[in-house]
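The primary structure of each chain is shown beneath.
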Amino acid sequence: MHKHQPLIFENSTPGRIGYSLPEMDIPELDVSELIPADYIRSEPAKLPEVSELDIMRHYTALSKRNHGLDSGFYPLGSCTMKYNPKINENVARFSGFAHIHPLQDESSVQGALELMYDLQQHLIEITGMDEVTLQPAAGAHGEWTGLMMIRAFHEANGDVNRSKVIVPDSAHGTNPASATVAGFETITVKSDENGLVDLEDLRRVVGEDTAALMLTNPNTLGLFEENILEMAKIVHDAGGKLYYDGANLNAVLSKARPGDMGFDVVHLNLHKTFTGPHGGGGPGSGPVGVKTDLIPYLPKPVITKVGEEYVFDYDRPLSIGRVKPYYGNFGINVRAYTYIRSMGPDGLRAVTENAVLNANYMMRRLAEYYDLPFDRHCKHEFVLSGRRQKKLGVRTLDIAKRLLDFGYHPPTIYFPLNVEECIMIEPTETESKETLDQFIDAMIQIAKEAEETPEIVQEAPHTTVIGRLDETLAARKPVLRYIKA
Ligand SMILES: *Cc1c(COP(=O)(O)O)cnc(C)c1O
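Counting from 1, residues in each chain are numbered in the order their sequence is written. In keeping with the predicted nature of the model, local features appear solely for residues at pLDDT of at least 70, side-chain atom pairs appear and are counted solely at 80 or more, and the whole-chain, interface and lining totals rest on all residues. The basis for every side-chain value is the complete set of non-hydrogen atoms in the structure, without hydrogens or water.

Named according to an unreviewed UniProt entry, the protein chain is Probable glycine dehydrogenase (decarboxylating) subunit 2 originating from Niallia taxi. UniProt positions are given in the numbering used here, feature names are shortened, and annotations may be inferred rather than shown by experiment. We quote the UniProt Catalytic activity (unreviewed entry) comment for the protein chain here in full: "N(6)-[(R)-lipoyl]-L-lysyl-[glycine-cleavage complex H protein] + glycine + H(+) = N(6)-[(R)-S(8)-aminomethyldihydrolipoyl]-L-lysyl-[glycine-cleavage complex H protein] + CO2".

Set out below in structure tokens:
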């Protein structure tokens, strides 16, 4: 990449044009009749004056400034940045899928309904639940939907004092956020020295006011909660429900099922585990699976099969209602369906085995150079701590920035919150051993630099167009214009 390659907009030349139209040979419309006066420009917009070739180069140059999965390794823990097979894109573009309208009569979209119904059946089998809704548009949306169903369930049973949702301290930030938005109070349960939920602490916080325990297994440290059946018993005995955050199912596909571990509700992120492209903010898909006693509360309409026909069932008096216009992000569901059908059960089992193998391989090779807070087998991801480097004056943020110079997207950092200087790596199953080794070599080099030439790490990145941003300012006051205002 040429670091200082100017963007073509900066080369605007008066009078140069990118596109020309023939002389107008019809009478001009009076725009003031069509558009309110307030909206009409008094002078033309200040657009850059460039040729068609210039503008193409401008956008191509811009696209190269971004790091995407298709341009390089992206080991972002908890986000499952795995390869998105291109066959998914082909199928999503079938005109029968891409060109239908959600308001069409059911009889004219039977194929799309069949796909959604079938996808639900596959997800039921994968999770061990009894019914699934495809409506929620993301993981967090699925969490909220699941919690609203749990709330409706307790209320329908006259159990109106269950105001608390228990969340481990290692949980994804969306868990306490969703619980709060669903009107619950969040209670934190501690992790023990092995990185697992502390059972004593759980017994202490569970009570008659417990609506649910929200849990991830493997948890956000990439560790399998071995006492899950015991935890399920503690919560169920107290009348609470168990919620499974299944955003990252890469570690258990075709191996273990939330339904068999005692969970009552689970959400999945089809845009993570099931290869929906993500990272740009959507669209996603966060289906929710439930056990029998929560089925009446599912969002409506529910897609069902009557005889040979697929129909929307709106006759659901206890439903929490619709949670998304129409029926979910259909295009992402098509991609996930294509993925599940092309992998098959054996393929999905291989996904898990390779995801776990890759993570353990990388963890063991890096453990010599970085602190490993929990020294045991991990699942699909693992956490390191940059404590050792911090003592040398190199922060985890510096390590992440230095990785940009090697052409990698950095891992997730400073999360989970219960590990100091946390570095959370998820290699995924779709990367080759060569890629894993190259990344490991870069991490080892950075560890050595931290000891010998720390300023190289502290001042990174050196090769990107933009160095370090004030991230708060960039989020609050983004500069979206090419001309300085
Ligand atoms: C990504 C993720 C979520 C949230 O999913 P979104 O689709 O981003 O809303 C929730 N929990 C875990 C563990 C995740 O990794």
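(A) Representation of the side chain of Glu381 within the structure. For Glu381, the location among the structural elements is in the loop between α10 (330-366) and β10 (382-385). An unpaired buried charge is present at Glu381: no salt bridge exists, and Lys272, the closest side chain of opposite charge, is 8.5 Å distant. Two N or O atoms count as a polar contact when they lie within 3.5 Å, although within protein this holds only if one can serve as hydrogen donor and the other as acceptor, and sequence-adjacent residues are included solely when both atoms are side-chain atoms. Among the polar contacts made by the side chain of Glu381, one reaches the main-chain amide nitrogen of Ser78 at a distance of 2.7 Å. It only takes one pair of heavy atoms within 4.5 Å for two residues to be counted as in contact. The residues contacting Glu381, other than those within four sequence positions of it, are Gly77, Ser78, Asn219, Thr220, Leu221, Gly222, Ala359, Met424, Ile425 and Glu426. In DSSP terms, a helix is any run of H or I states spanning at least four residues, a strand is any run of E spanning at least two, and both are numbered starting from the N terminus. Accessible area is worked out with a 1.4 Å probe on protein chains only. A residue is then buried under 20% of its type maximum, exposed over 50%, and partly exposed in between. Charged-residue counts in this description rest on Lys and Arg as positive and Asp and Glu as negative, His and the chain ends being excluded. Salt bridges are defined by distance alone: a side-chain nitrogen of Lys or Arg within 4 Å of a carboxyl oxygen of Asp or Glu.

(B) Here's a closer look at the pairing of strand β2 (residues 164-168). Counting buried positions along β2 yields four of five residues, so the element is predominantly enclosed. Examined bridge by bridge, β2 and strand β3 (residues 185-189) share five bridges and lie parallel to one another. Its bridge partner being in β3, Val167 is matched across the sheet by Thr188. Chirality of the crossover, the property in question, places the unit of β2, helix α7 (residues 174-181) and β3 among those that are right-handed. Any two strands between which DSSP finds at least two bridges are classified as paired. When β2 meets strand β4 (residues 210-215), the two strands line up parallel, connected through three bridges. Note that in β4 the partner of Val165 across the bridge is Ala212. When the strands point away from the viewer, a crossover counts as right-handed if the path from the first strand over the helix to the second runs clockwise.

(C) Layout of the site of the ligand. In the vicinity of the ligand lie 13 residues, with Ser78, Gly139, Asp245, His271 and Lys272 positioned nearest. Separating an oxygen atom of the ligand from a backbone N or O atom of Gly139 is a distance of 2.8 Å. The contact in question runs from an oxygen atom of the ligand to an N or O atom on the side chain of Lys272, over 2.8 Å. All accessible-area figures derive from a Shrake-Rupley calculation using a 1.4 Å probe, and residue coverage is judged against the displayed protein chains alone. For the ligand, whose accessible area on its own is 380 Å², the fraction buried by protein is 87%. With three residues, helix α6 (residues 139-156) is the largest single contributor of residues to the shell around the ligand. Asp, Glu, Lys and Arg are counted as charged, while Ala, Val, Leu, Ile, Met, Phe, Trp, Tyr, Cys and Pro are counted as nonpolar; the rest, among them Gly, fall into the polar class. Residue classes in the shell around the ligand are distributed as three nonpolar, seven polar and three charged. Proximity criterion: a residue is near a molecule or strand once any of its heavy atoms comes within 4 Å of it.

(D) Local environment of empty space enclosed by the protein. With a 1 Å grid spanning the protein atoms alone, the term cavity applies to any set of points in which a 1.4 Å probe fits but cannot get out, the term pocket to an open set with protein on both sides within 12 Å along at least five of seven lines, and the term lining residue to any residue with an atom within 4 Å of a point. Grid points are joined across faces, edges and corners, and a volume is the space filled by probe spheres set on the points. For the structure shown, the criterion picks out three cavities of 30 Å³ or more. Lining of the largest cavity is provided by Gln120, Val132, Thr133, Leu134, Gln135, Pro301, Val302, Ile303 and Tyr327. Residues of the lining of the largest cavity, tallied by class, amount to six nonpolar, three polar and no charged.

(E) A look at the UniProt feature "domain: Glycine dehydrogenase C-terminal" (unreviewed entry) in the protein chain. Within the UniProt annotation, "domain: Glycine dehydrogenase C-terminal" (unreviewed entry) is assigned to residues 352-454. Within residues 352-454, the helical portion is 49% and the strand portion 10%, while the C-alpha atoms at the span's ends are 37 Å from each other.

(F) The packing of aromatic side chains, seen in detail. Aromatic pairs are defined between Phe, Tyr and Trp rings, using the six-membered ring for Trp, whenever the two ring centres lie within 6.5 Å; interplanar angles under 30 degrees are classed as stacked, those over 60 as edge-to-face, and all others as tilted. This structure, assessed with the given rule, holds 11 aromatic pairs. Residues Tyr117 and Tyr310 carry aromatic rings whose centres are separated by 5.5 Å and whose planes lie at 55° to one another, so their mutual orientation is tilted. In this pair, Tyr117 is assigned in helix α5 (residues 110-127) and Tyr310 in strand β9 (residues 309-313), connecting sequence segments 193 residues apart. On the accessibility criterion, Tyr310 (7% relative accessible area) is buried. Taken together, a centroid distance of 4.8 Å and an interplanar angle of 80° make the contact between Tyr244 and Phe263 edge-to-face. With Tyr244 in strand β5 (residues 241-246) and Phe263 in the loop between β5 and β6 (265-268), the pair connects residues that are 19 residues apart, well separated along the chain.

(G) Broad picture of the nonpolar core. One finds Leu123, Leu202 and Phe274 to be the most contacted residues of the largest nonpolar core, which totals 57 residues. When sequence neighbours within four positions are dropped, the list of residues in contact with Leu202 reads Ile166, Val189, Val197, Leu213, Met231 and Ile234. To form a nonpolar core, buried Ala, Val, Leu, Ile, Met, Phe, Trp, Tyr and Cys residues must be joined to one another through side-chain atoms within 4.5 Å. The next biggest cluster of nonpolar side chains, apart from the first, holds 26 residues, and it includes Leu436, Ile446, Ala447 and Ala450.

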